[in-house]
Structures are given as C-alpha cells and as structure tokens.
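# Secondary and tertiary structure notes
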There are 2 protein chains.
Amino acid sequence: MLGNFSYCNPTRLYFGKDAMKGLEEELPKYGKNVLLVYGGGSIKKNGIYAQVKAALEKCGKNVFEDAGVMPNPTVEKLYEGVERARAAKADLILAVGGGSVCDYAKAVSVSVHCDEDPWEKYYIRFEEPTCEIVPVACVLTMVGTGSEMNGGSVITNHAQKLKIGHVFGTEVFPKFSVLNPEFTFTLPEYQMIAGFYDIMSHILEQYFSGTDDNTSDYIMEGLLRSLIHSAPIAKKNPTDYEARSNIMWTATWALNTLVAMGKDTDWEVHMLGQAVGAHTDATHGMTLAAVSMAYYRYIMPYGLAKFRRYAVNVWGVDPEGKTDEAVAAEGLDRMEAWMKSLGLVMNLTDLGVKEDMIDGLVKSTLVMEGGYKVLTPEEIARIFRASL
Amino acid sequence: MLGNFSYCNPTRLYFGKDAMKGLEEELPKYGKNVLLVYGGGSIKKNGIYAQVKAALEKCGKNVFEDAGVMPNPTVEKLYEGVERARAAKADLILAVGGGSVCDYAKAVSVSVHCDEDPWEKYYIRFEEPTCEIVPVACVLTMVGTGSEMNGGSVITNHAQKLKIGHVFGTEVFPKFSVLNPEFTFTLPEYQMIAGFYDIMSHILEQYFSGTDDNTSDYIMEGLLRSLIHSAPIAKKNPTDYEARSNIMWTATWALNTLVAMGKDTDWEVHMLGQAVGAHTDATHGMTLAAVSMAYYRYIMPYGLAKFRRYAVNVWGVDPEGKTDEAVAAEGLDRMEAWMKSLGLVMNLTDLGVKEDMIDGLVKSTLVMEGGYKVLTPEEIARIFRASL
C-alpha cells in the first residue's frame, strides 16, 4: 500500500544535445563567484571543461577551481573543499563530473557556513543543515548515481573504514543539472557498465519491499525494462545516442525520490557495497554487482511473491507450470546472465577482497530495516563469503 | 529518440490519509486573503469543506468563496471568478475539487491582474501570462486530469462552441496539492470511471508517437499496467484504499509533464473529445472513451509497431505466430473489453450526439501534429460517425 508522504523535486533539468544552453540561461541567476568542482581532469581531454569555462566567462563569473575529487570522495578532500569555497566566497558550486563530484559538491555546500565538523554532523549523527547552504548545480559526465536530481551525498572516511551516505532534503538538491548524453560517450567501458549496474541497483533497492501492487513498483518495472534493453546496445556501441540518452534519463528517475514514494526501503545492497568500497576503494557500481546475486538469492524466500513478479514482469519468465520458487530463481538467473554479458564484476575476489577481510567488512556494514529481511552479522558474513 | 527538453516540476504534493496536515503547513507561507474555489457543493456533504475551512481559520485567513464551478468551466464563470478574486484581493486561490475546479483556479490566477480579455489572450491566441500570477493550491477530490501537478487549464466557450486547453508554464502550476485518496471515496461511480479513462487517455496520448524505445514509453507502460490492475478493484469496491491510492498516484504522473519529456504528442483524442464536450457538455472522460476505439483503430496502421508493442507489453497479448496487425488488433480488442467491463460510455449516441451534429463537431475539432497521422476533416468526420 502507498504510505503517506510529501513529494517535491525542485531541480531543473536541461536534457539533450543542446543542454549546455541551460547553463548560460541559469548562471545569471547566481552571484559572481563560482567554485568549479571536478575530478581527475578527463573533462579537459574531452572538451567539456572548455565549454563550461566558456559559459562561465560569457556570464562574467569569477571562477575558482577545486579539482581532484576522487571516485570515492574522502573526508579530507571535503575539508579542503570547504576551505576553498570559503576563500572563494562561493555563490555557486558547479560540479562537472559524475555522481562522486556532485555528491562532494553537496557535502561542501552544507559545510561552508557550518561551524561544526561536517563528517560528525552529517555522516555520523545524520543531522540536517542548520546553516546557509551554498547552491549547487551540475554538469553530468557520467551516469548512474542520480545525484544530479536528489539530495544524496556519500563521503568516505578511510581512517574509520566508513563510507556513509546522507540523503539531504530538497534545499540541498542541485538547483539545475545539465544532462547531455554525448558528454558520457568518452567514459571508459568499466566506469560505464559500473554505472549501468548502479542504476539497476538503485531501482531494485526500492523495488524489493512490500507485498502490494504499488504504482511505484510498476514504474520501476518500466525503468528496469528500459535499462535492460538499452545497456547491451550502449556496451556494443557507446556512441549510440538513443541508448545513452535513454539510460541517462532512466538513471535520473531511478533515484530522484519518485519511485520511493509511499514505500519502505532498506538499501541493504548499498550498505554491503559501501563497506566494500570503504575497505578497497573499488568502483561503487562494481561493489554492488559483486554482492548482489548472493544477497538476492539469500533474501528471495522472504519476499518470494515480489521475486516471482520481478521474474515475470521484468525478465519475461513464463510462469506456466512452475512453482513460485522456480519462477523467482529463473528471474535471478536471467539477471545474472545479463550482468555477466555486460562484463560486470561478479565477485569480491576480483575487487581485492580476501577471506580474512570479511570480519572487517561485516563491522563496516550498516544494517537497515524496511526490506524483506533485517540481516544479522552472521548473515552478512555469509553473503560476503558467498560473494568471494 | 529522446528529444531535447528542459524539465522542472515545482509542485509540492502531500499524499495519503494525513495529507491535510500539508495544508496547515503551507498556508502560513501565503497572505491573509484566500479565495476558496469549489464546485456544486458535494464537499459540504462529505465533510471536506468543513476540514478545509477549519484549517483556513486555524491559520487566521480571511476566506472569500467562489462556488459553483461547473464540470466544464465556462468563460462566463471565469469572468465572474476574476471579479471575485479582485474584490477579495486574493493572495492565494485554493481549489477544492477535481480537475475542473483546479483548471478554473489557474485560469483565474493568470487573469486577476491581466488587462486583456483572458479568453482571447490565453485560449484563442495561446499567449503566456505577462502579469502577476496569484498562487494556486489544490485539495483534490476527484482523480483524472492531473491538474494538481501541471499547468493545464481547459475553459469552455459555449457561444463559440469551443472547449480549449492552455498548458501554462511552471509558474502557473499549483504551489502545493493535497492528495488524500479517501477524499475520492464518495464520488459517484459515473464520475469515478470517467476519471479512470481520462487517466488512460492521458497516457495513450503521449504513448502513441515515435518509433523508438524511449524510456518515457516504458514508464507509461508501467503506469498503464497499474491503472488496468487497480481500476476494476476500485469499481467493485470504491473504498479500497490501495486501489484508490494507486490510481490517484498514477493519475498525477500520467500528466505532470514527466512522461512527455523528449516526445512529440498530438493529443488528438482530446481534441475530438473536447469538441464533443463543447457541443454536449458531456463528462470529459466519457467523451474521450466514446471516440477512442474508432480513433485508435483508424490510426493503427500508421503506428503499427507501437500498437503491437502496446498489445504485448500492456495487454499481455502473446504475439507467437501472429501478424503484427493481428497482435495490434488483439491489444485494442482487450482494451475495448476492459473499457466495457468498467462501464464506460462507448459511443457518442449515448452522450446525445446525433448524425446531424457531426459537421459542427468537425469544425470544433482542432487538428494537431506530432502523432502517427494528421487527420483531415473527412477523417475526423469518419471517426465521429464510427463512434455514433
């Protein structure tokens, strides 16, 4: 049953081949000082950096740079970004990159005017911002996290072996995001397919809860079918605009809060994957892929009706003459085959996890309620072991 | 292929059994003078009026009333509403009712401070508002139009035999809408099922265009399946909260601009239905139902691949060993059977249309581009005749 909720998503999106026009439309609405945040510099090679700089200059902005945001942004980098934003007196933080860069920009935005330690306040105590928030905007170059239209912000603390996400309210959502599918064409295949699985995982985290015929579940089945259709096309031909644009749009709607409305969710695959990320610094989407099959096969009996529905409505399994268990299992088999055909990392060993790291991974895994099964530490260890 | 677009939907929704709490949260954000707009008074019988008044009084508002908004709001009523809003110096227009009341509230909102004739400016010349717009909010009591989260506003001019919709920009969208599925429980069955078909028609108007594998089409298939599942449950038991809540949520997303993103649309069924509405004052959803089968069977050959996909993905037609035409036709047959089982009006004769009115209907029908076939006057006449 759809629970009670309040919904609003204020982010304005500019989508398509001419989406950069949106940047020039929006920039005049903000103050002079722009902190330009990006990652390892690939945007300088593919020309996106030059386009963004040209738009900023055309709009007469003072540009301050904060480069080197890593794939799993660290708390140390966050402290550095806060200093840079303060020095720049930033009126706008413009993230140019993927989810990590956008997540990081949000973390900086709520920390610039915060007197407390942001790691402690937002990621340990999960408090809401009480200070002025610097507006964030995004030019997306990598698809997956949905960070371009939500309040999610994941930060990693290597010293504490913790990778934690805070989902902020709408006041922290990007004010606008520029989504040009062509900007994702030059992404290396490994990152591209990791992003594809990140999208699937976002949908499944919200799909596998409840026992009803919730409209949100029907929308998610549509998003999943779109992704399953387009991902192999994009792998074969990364410059297929139709496939890349549909995947980009699917990614945004997979995690911009819509499909979670009225549902309980536990996000346990992300909790498992984030523990792996904190210990190995592996690519986020691959950590999710590596633990997913063991996790879903383990919880299947606790949400059997939904796993059966998933098999039939998403993977086209013919249920005729089969037990519910057989139908559900066949759906997961097809999902695994699709993942393998994409080239996703299907086990933790390939991400550098060894048997003797499992105790540590279990300790780093947050246990959540809202799904079909609240995991015990023994069950978490069992899932990690089955994923080796 | 997904075209270029810009997307933003600023409406905040409060959904569920306790959604009225949202009204009390929001009211303090607006000025003292509230113009309370509603229809024929059913809200006084079912207690919703009393709840709304209590919230307004609790928030210390000066309440001015504008009752008697008819199912197809007329241009004369619009002029009257503008006078009332001016006299009240309205800071907020609160629509309590279904799509007609909400559509009307938007028409008033853009006309209060407008020096020109609003019918001419907005509905004949399709101009955008250039004056101050009075904020609109909505407490929804009837599901179908999606008016609670979009800029649509349909006004009827009986003298000119025209029923015309203007789709305003986000500045005219309701600032917030209160969606309590229980508020729809007492709606008479005829209006309820007319609303269900209105939802389906909204989705199909946006679905039947293009030849690609657009993510929006996949989302629409999910919305359609949710509606097809829940509508018969709601007909059998109108107080089934799960069914009514899912339908309410489906209706909002069917027409809050999301699924149209990157697509061409012609809305031709609405053009046909609105002509019927202008001549007969019949219930909107029923005018759509009465012309749909003749229209879709006529255009099927022009969009055969999509009609085949519709049959398979939405209606579960098994395509094995059948021609594309046979699969597509079977999908439309299943749709027709579902419509009949709901008790929808399946022909124009039952809405009071006679053969000799067809010339007038054709003249009142706007012809649009963006779908599979731009209709000629002869084709429109043929579709109306086949719908008698």
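Fair warning: this is a prediction, and the values are worked out from it, not measured in the lab.

What counts and what doesn't
Residues numbered from 1 in each chain as written. Chains lettered and ligands numbered in written order. Predicted model: local features only at pLDDT ≥ 70, side-chain atom pairs only at ≥ 80, totals over all residues. Heavy atoms only, no water. Helix = DSSP H or I, 4+ residues; strand = E, 2+ residues; numbered from the N terminus. Buried < 20%, exposed > 50% of the residue type's maximum accessible area, 1.4 Å probe, protein only. Least-squares fit on C-alpha atoms with pLDDT ≥ 70 in both. Contact = heavy atoms within 4.5 Å. Phe/Tyr/Trp six-rings, centres within 6.5 Å; stacked < 30°, edge-to-face > 60°. Lys NZ or Arg CZ within 6 Å of the ring centre and 35° of its normal. Expected span 1.5 Å × (residues − 1). Pairing = 2+ DSSP bridges.

## Considerations on unusual backbone geometry
With a phi close to 55°, W267(A) is a non-glycine residue in the positive phi region. Along the chain, W267(A) falls in the loop between helix 9 (241-254) and helix 10 (268-280). Residue classification places W267(A) among the buried residues on the basis of a relative accessible area of 19%. In this model, F126(B) sits at a positive phi of 55°, which is unusual for a non-glycine residue. If you trace the backbone, F126(B) turns up in the loop between helix 6 (118-124) and strand 5 (136-140).

## Points about the relation of the copies chain B and chain A
Mapping chain B onto chain A leaves a residual RMSD of 0.0 Å; the transformation is a rotation of 180° accompanied by 0.0 Å of translation along its axis. What the rotation and shift describe, once combined, is the action of a two-fold rotation axis. Residue by residue, 100% of the interface of chain B is reproduced at the interface of chain A, so both copies engage with the same surface.

## Observations regarding the packing of aromatic side chains
For the structure shown, the criterion picks out 42 aromatic pairs over all chains. Ring centres of F208(A) and Y296(A) lie 5.2 Å apart, and the angle between their planes is 45°; this geometry places the pair in the tilted category. Taken together, the positions of F208(A) in the loop between helix 7 (189-207) and helix 8 (215-236) and Y296(A) in helix 11 (residues 284-299) put the pair 88 residues apart, joining distant regions of the chain. F208(A) sits in the buried class, given a relative accessible area of 4%. A residue is classified by how much of its surface remains accessible, and Y296(A), at 1% relative accessible area, is buried. With a centroid separation of 5.2 Å and 70° between ring planes, the pair formed by Y295(A) and Y296(A) is classed as edge-to-face. Feature note: the residues F5(A), Y7(A), F15(A), W249(A), W253(A), F5(B), Y7(B), F15(B), W249(B) and W253(B) constitute an aromatic cluster, connected by ring pairs. Directly above the aromatic system of Y49(B) lies the positively charged group of K44(B), at a separation of 4.8 Å from the ring centroid. The positively charged end of K306(B) is found above the aromatic ring belonging to Y207(B), 4.6 Å away from the centroid.

## Digging into helix 13 (residues 324-342) of chain B
All names here are of chain B. Here helix 13 contains 19 residues, and its C-alpha end-to-end distance of 27 Å stays within 8% of the 27 Å for a straight helix at 1.5 Å per residue. What helix 13 keeps buried is the set V327, A328, G331, L332, M335, E336, W338, M339 and L342. Looking at the packing, one finds that the buried side of helix 13 touches helix 7 (189-207), helix 8 (215-236), helix 11 (284-299) and helix 12 (304-313). After helix 13 finishes, the residue G343 shows a positive phi value of roughly 95°.

## Some details on the pairing of strand 8 (residues 176-179) of chain B
Residue and element names in this part refer to chain B. Residues F176 and V178 of strand 8 are buried on one face, and the alternating residues S177 and L179, pointing to the opposite face, are buried as well. Looking at chain direction, strand 1 (residues 5-15) and strand 8 are connected through four bridges and run parallel. Across the sheet, residue L13 finds its bridge partner in strand 8, namely S177. Pairing of strand 5 with strand 8, which is carried by three bridges, proceeds in the parallel orientation. Looking at the pairing, V139 lines up with V178 of strand 8.

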